[in-house]
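Chain and residue survey
The lines below spell out each chain.
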Amino acid sequence: MFGQPHHYPFRRALAEMEPYVPGEQPQGGKFVKLNTNENPYPAAQAVVEAICSAATTGLERYPDPYANAFRNRAAEVLGLPGPDWIMAGNGSDEILTILVRALVGEGQRLRMPYPSYILYATLADIQGALWERLEFDKNWRLPAAFADGCDDLRLVFLPNPNSPSGTVEPPEKVLQLAEQLPCPLVIDEAYADFAEANCLSLVQQNENIFVTRSLSKSYALAGLRFGFVVAQPHRIAELMKIKDSYNCDTLSIAAATAAVGSTQWLQENVARIRATRTRMEARLKQLGFRVTPSQANFVWCEHHESSHKQIYQTLKRQQILVRYMNFPAWGDGLRISVGTDQQVDACMLLLEQCV
Ligand SMILES: *Cc1c(COP(=O)(O)O)cnc(C)c1O
């Protein structure tokens, strides 16, 4: 009734790949969630109002395929020459997918630092592309070979600030890197709003630079699914050929437009999170952790005496979720998102008992 058994109809690339496993998202309210770098505060009120108002003005029509309301507002706020420097997507993860599909063919190569965002390799696997990971040094600086050309290299990912470290490569270094590389450089700026510097203005100096942004973290809109990419207009025009016509919906476009216009909300939110981050880093050090100075909304920490995995499990039993990360051939540690002061205090109190 189900035809011949055991015939695998999928592409070979799928058979050979491991699925990407997102961070735990328990559905139900009781966990203190410090494991996936969400913002602990609710989004700006203007965002909620924009969604309600968009919902009452009609979902029977298709959305604007180009999200022009958002692009106009974002170009203004970010000081870009025009809306044609932006493409919007269903989360910046979708933007990363589009970039890989647009730039890397089967059997061609992409590069990323290690440890960094695990999704890049998954996207390459789906595409049937080859990937290489170059290790950061002990201080989370890029190795010199990161700028080398090699056969069939078509795309380089640089998360900046990096995850899980929260460290940043300064813009002048990034521009140098882009100038040395023989292929496009995607700077994943999911956490840039929490950092002291970003690379947005570099897109005007180099057509091979693509900067991606997310509304999930700094705008407190992980549940909305909205991100975007900034690049030169002739590059954006090519990416537009790949995206689904209606990749962003009416509600998310309205919400994202309101969010990007809420500049004061953003400043205040970022200031609060940075202040909590500073307290958290100091406390973790007192508890004997080696703490990597972070420019994001999470902190990477390692303990010499206690098992990271056990700490994670102990916290989880007490309803506090942090991210235990084990990077094969590199080592493991804990990535703890910056929550509210109260959430962070609860976490630190428990840590005191288990290290
Ligand atoms: C969270 C994250 C993203 C994904 O953001 P979404 O807009 O929620 O898809 C991309 N890159 C990095 C490094 C991230 O941590």
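Residues numbered from 1 in each chain as written. Predicted model: local features only at pLDDT ≥ 70, side-chain atom pairs only at ≥ 80, totals over all residues. Heavy atoms only, no water.

1. A word on the environment of Leu-59
Inspection of the secondary structure puts Leu-59 in the loop between helix H2 (45–56) and helix H3 (68–78). Leu-59 sits 108 residues away from Thr-167 along the chain, and the two C-alpha atoms are 42 Å apart. (Helix = DSSP H or I, 4+ residues; strand = E, 2+ residues; numbered from the N terminus.)

2. Observations concerning empty space enclosed by the protein
The full count for this structure, using the stated rule, is one cavity of 30 Å³ or more. Taken as a whole, the largest cavity encloses approximately 40 Å³ of empty space. Lining the largest cavity are Phe-136, Trp-140, Arg-141, Leu-142, Leu-158, Pro-159, Asn-160, Asn-162, Thr-167, Val-168 and Glu-169. The residue inventory of the lining of the largest cavity, partitioned by class, reads six nonpolar, three polar and two charged. (1 Å grid on protein atoms, 1.4 Å probe; cavity = no way out; pocket = protein on both sides within 12 Å on 5 of 7 lines; lining within 4 Å. Points joined across faces, edges and corners; volume = space filled by probe spheres on them. Nonpolar A, V, L, I, M, F, W, Y, C, P; charged D, E, K, R; others polar.)

3. Digging into the site of the ligand
Within the structure, the ligand sits among Gly-91, Ser-92, Asp-93, Tyr-117, Asp-188, Ala-190, Tyr-191, Ser-214, Ser-216, Lys-217 and Arg-225. Contact between the ligand and Ser-216: an oxygen atom at 2.6 Å from a side-chain N or O atom of the residue. When each cavity is represented as a set of grid points, the ligand is found to reside in the largest pocket. Classifying every residue of the shell around the ligand gives three nonpolar, four polar and four charged. (Near = heavy atom within 4 Å. Polar contact = N/O pair within 3.5 Å; in protein donor to acceptor, adjacent residues only side chain to side chain. Sits in = over half its atoms within 2 Å of the grid points.)

4. Thoughts on the layout of surface pockets
Of the volumes computed, that of the largest pocket is approximately 600 Å³. Every residue lining the largest pocket is counted, 29 residues in all, and those nearest its centre are Tyr-20, Thr-36, Asp-93, Tyr-117 and Lys-217. Elements represented by at least two residues in the lining of the largest pocket include exactly helix H4 (92–103), helix H5 (119–127) and strand E11 (320–327). Looking at the lining of the largest pocket residue by residue, the class counts come to 13 nonpolar, nine polar and seven charged. Taken together, domain 1 (26–43 + 264–354) and domain 2 (45–261) each give at least three residues to the lining of the largest pocket, which thus spans both. One number sums up the size of the second largest pocket: a volume of about 470 Å³. Around the second largest pocket, the lining is made up of 21 residues, and of these Ile-118, Arg-133, Asn-326, Phe-327 and Pro-328 lie nearest the centre. Broken down by secondary-structure element, the contributors of at least two residues to the lining of the second largest pocket are strand E3 (109–114), H5, strand E4 (130–135) and E11. (Domains from an automatic or database assignment.)

5. A short note on the packing of aromatic side chains
A complete count under the given rule lists 15 aromatic pairs for this structure. Taken together through their ring pairs, the aromatic side chains of Tyr-114, Phe-136, Trp-140, Trp-300, Phe-327 and Trp-330 make up a single cluster. The ring centre of Phe-298 lies 5.5 Å from the NZ or CZ of Arg-335, which sits over that ring. (Phe/Tyr/Trp six-rings, centres within 6.5 Å; stacked < 30°, edge-to-face > 60°. Lys NZ or Arg CZ within 6 Å of the ring centre and 35° of its normal.)

6. With respect to the domain arrangement of the protein
Taken domain by domain, the protein holds domain 1 (26–43 + 264–354) and domain 2 (45–261). Taking only C-alpha atoms into account, the centre of domain 1 sits 25 Å from that of domain 2. On the side of domain 2, 29 residues touch domain 1, which itself brings 29 residues to the contact. For the pair domain 1 and domain 2, the two sides together bury roughly 2,400 Å², of which 59% comes from carbon and sulfur. Of all residues in domain 1, Ala-43, Gln-295 and Trp-330 give up the largest surface area on contact with domain 2, accounting jointly for 30% of the area buried on that side. (Contact = heavy atoms within 4.5 Å. Buried area = accessible area lost by both parts, 1.4 Å probe.)

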